[in-house]
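# Breakdown of the fold
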Amino acid sequence: MLSLKAPKVQVRRALAAAARRASSRAETGCIVDTYVRPPIVLSHGKGSYVYDTAGREYLDFTAGIAVTALGHSHPDVAAAISDQATKLVHCSNLYHNEWAPQLARRLVEATAAAYPQGTQGIYAGPARVFFSNSGTEANEGALKFARKHGKHVAAAGVLGRGASEALRVDPNLKHGIVSFTGGFHGRSMGALSVTATPKYQAPFTPLIPGVQTAKFNRTEEVGAFVDERTCAVIVEPIQGEGGVHVAQPEFLRALRRRCDQVGALLIYDEIQCGLGRSGSLWAHQRYPDDCSPDIVTMAKPLANGVPIGAVLVSDKVAGLIKPGDHGTTFGGNPLACRAGCVVLEHITQPEFLEH
C-alpha cells in the first residue's frame, strides 16, 4: 500500500502503474484464459534482459522457456529477419524456397559432424528433415511417421513367426507407443497422449489409443512394455518437466536394443534438451553410439524465438514417407528457416558449446 504522505512523484508513479495494469487487463480480456501471468507487460529485450512498459529491467532466467539461445534482439538474427521480411515471408510448401533446404542440409551435416562415431539410427545413412511450426507439431509428425513405419514392418512379416503372422493379417495391430513418467511432449492430442501427467491429460480424455507409460530409467521394465505390437518409443534423453532428470546410458541402450528386436522406432524428443543445451549439439551425442535414435524432434531455440520445429529422421524412415502423408501450411517458411540458419551457425561453434 502507498502512504498518503508519500512524495507526489511516488504517487504519480503508483497511479500510472495502476493505470497500466488496468489497461493490460482490459487489453488481454479477449484472450482465452489458459495462463496465470504477473501484472507486467514486457516490451523489449536485449541479451539476457527484458524490459516492461514501465521501464523496469529483469534478468530473464527462463530464456523464453529454453528458446532465446542467442539472447534477445541478437543483431545477426534481427538483421536476417529484417532482410527476409522485405523479400519473402511465406509461399507455402507448394513451392520450394531458398532457406528451408539450406537449414535442412545444415542440420543433417552438423548432426553427423558432431558425432562421427555414429553408425545406427539417424547416423546409418543420410538423414532427412521435416519442418513444422512448433515442438508439439514435431512430435506429432514423429508419431505419425512411426505409425506408418509400424504398418510397413508388420506387413513385411520380419518379426518372430507367431507375431509376424498376426501382424501381417492386420498391420494396424502394430500401433503401440511407449512413453515415460516425467516426460513432456506437448499438448495436442497425440503429444498429450504420451505426456503422462494427470493434470494435463485428465480434462481431455479419452486420448489416442495404444499408449503405455513406463517408468523412466527402469531398465528392467523395458522388455515388459516394448513388444512386437510397439511401433515407437518416445523419450527425452534429459527430462526437463518438474526438474532435470538424466537418462542412464544402460536405459537408453536397452531401449535401442529392444526397438531393434521388435521393429519399433526410437524417438528422442530433444525439443528442450537439444541444440547445445547439454554442451553438445544433441544431448544423445553424450551417450554411446548404441543408444542412437531413429528420429530426433527439435524446436524451441532453433530460430531464437521465431516459431519453428523440425523432425530429423533416419534414411529408412524417410524412404517410407510419400507425398501427401503429412503436411503443414507454415512449416519451413523462408523467414523462420533463414533465422534458423543464423542460429545454427552460432550454436555449432565450439566456443559457444564450451559455455
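Structure: see above.
What you see is a predicted model, and the numbers here were worked out from it, not measured in a lab.

Our focus in this paragraph is the overall build of the protein chain. Along the protein chain, the regular secondary structure elements total 13 helices and 12 strands. Here the protein chain has a C-alpha radius of gyration of 23 Å; the compact-globule value for 355 residues is 20 Å, and the two agree. When the backbone C-alpha atoms are referred to their principal axes, the protein chain occupies close to 85 × 45 × 40 Å. Each of the 355 residues in the protein chain was classed as buried or not, and the buried ones make up 44%. Here the analysis covers contacts within the protein chain between residues at least 6 apart in sequence; of these, 71% occur between residues at least 24 apart. A gap of 7 Å separates the mean positions of the 36 positive and 31 negative side-chain charges of the protein chain.

Moving on, we come to the side chain of T230. Mapped onto the secondary structure, T230 falls in strand 7 (residues 230-235). When its relative accessible area of 2% is taken as the criterion, T230 is described as buried. For T230, the contacting residues outside a window of four places in its chain are K174, G176, V178, F225, V262, G263 and A264.

This next bit is on helix 4 (residues 99-114). Taking 1.5 Å per residue as the helical rise, helix 4 with its 16 residues ought to reach 22 Å, and the 22 Å between its terminal C-alpha atoms agrees with that figure. Taken together, the buried positions of helix 4 are occupied by W99, A100, L103, A104, L107, A110 and T111. Down the axis of helix 4, the buried side of the element spans an arc of 140°, and every buried residue falls inside it. Summarising the contacts, the buried residues of helix 4 are in contact with helix 3 (75-85), strand 4 (128-132), strand 11 (295-298), strand 12 (309-313) and helix 12 (334-347).

Evaluated as defined, the whole model comprises 10 salt bridges. With its nearest N and O atoms 2.9 Å apart, the salt bridge here joins D260 to R256. On the criterion of helical spacing, the pair formed by D260 and R256 is a turn pair, its members being 4 residues apart in helix 10 (residues 249-262).

Let's shift gears to the packing of aromatic side chains. Counted under the stated rule, the structure contains 5 aromatic pairs. With 5.2 Å between their ring centres and 80° between their planes, F180 and F251 make a pair best called edge-to-face. Of this pair, F180 sits in strand 5 (residues 176-180) while F251 is found in helix 10, placing the two residues 71 residues apart along the sequence. Taken as a pair, F180 and F251 share a single burial class, namely buried. Every member of this aromatic cluster is reached through a ring pair, and the members are F180, F216 and F251. Lying across the ring of Y200, R187 places its NZ or CZ 4.4 Å from the centre.

With that settled, the discussion passes to the nonpolar core. The biggest cluster of nonpolar side chains holds 53 residues, and the ones touching the most others in it are L103, F131, F180, V235, F251, L252 and L255. Considering each element in turn, this core owes the most residues, 8 residues, to helix 12. In this structure L252 touches V235, A247, Y268, Y287 and C291, once residues within four positions along its chain are discounted.

Taken together, the 3 strands give an open sheet; going across it, the order is 1-2-3, and neighbouring strands pair in antiparallel fashion. Since the sheet does not close on itself, it has two edges, and those belong to strand 1 (42-46) and strand 3 (57-59), each with one partner. Pairwise comparison of adjacent strand axes, ignoring direction, gives a mean angle of 30° for this sheet. Pairing analysis gives 4 bridges linking strand 1 to strand 2 (residues 49-52), with the strands arranged antiparallel. If you follow K46 over to strand 2, its bridge partner there is Y49.

Once that is clear, we can look at the sheet that holds strand 7. Judged by pairing direction, the sheet is mixed, and its 7 strands sit side by side in the order 4-12-11-10-7-5-6 without closing on themselves. Only two strands of the sheet have a single partner each, and these edge strands are strand 4 and strand 6 (211-214). Shown here is a sheet whose adjacent strand axes are inclined to one another by a mean of 20°, direction ignored. In this sheet, strand 7 lies alongside strand 5 in parallel orientation, the contact comprising 3 bridges. By the bridge assignment for strand 7, G176 is matched with T230. Packing against the sheet, helix 4 makes contact with strand 4, strand 11 and strand 12, and its axis sits at approximately 130° to strand 4.

Taken as a whole, this structure holds 0 disulfides when the rule is applied. Not engaged in a disulfide, the cysteine C273 finds its nearest cysteine sulfur in C291; these two sulfurs lie 14 Å apart. Not part of a disulfide, C291 finds its nearest cysteine sulfur in C259, a span of 12 Å.

Geometrically, the link from T205 to P206 is a cis peptide bond, its omega value of 0° lying close to zero. In this structure, P206 sits in the loop between helix 8 (198-201) and strand 6. For A66, which is not glycine, the phi torsion reads 65° and is therefore positive. Examined against the element boundaries, A66 turns out to sit in helix 2 (residues 63-66). In this structure, S92 takes a positive phi of about 75° despite not being glycine. Along the polypeptide, S92 turns up in the loop between helix 3 and helix 4.

Rules and cut-offs
- Residues numbered from 1 in each chain as written.
- Predicted model: local features only at pLDDT ≥ 70, side-chain atom pairs only at ≥ 80, totals over all residues.
- Heavy atoms only, no water.
- Helix = DSSP H or I, 4+ residues; strand = E, 2+ residues; numbered from the N terminus.
- Rg over C-alpha atoms; globule rule 2.2 N^0.38 Å.
- Buried < 20%, exposed > 50% of the residue type's maximum accessible area, 1.4 Å probe, protein only.
- Contact = heavy atoms within 4.5 Å.
- Lys, Arg positive; Asp, Glu negative; His and termini not counted.
- Charge placed at Lys NZ, Arg CZ, Asp CG, Glu CD.
- Expected span 1.5 Å × (residues − 1).
- Arc of directions from axis to C-beta.
- Salt bridge = Lys/Arg side-chain N within 4 Å of Asp/Glu carboxyl O.
- Phe/Tyr/Trp six-rings, centres within 6.5 Å; stacked < 30°, edge-to-face > 60°.
- Lys NZ or Arg CZ within 6 Å of the ring centre and 35° of its normal.
- Core = buried A, V, L, I, M, F, W, Y, C linked by side-chain atoms within 4.5 Å.
- Pairing = 2+ DSSP bridges.
- Axes fitted to C-alpha atoms, helices over the stretch in contact; angles between N-to-C directions.
- Disulfide = S-S within 2.5 Å.

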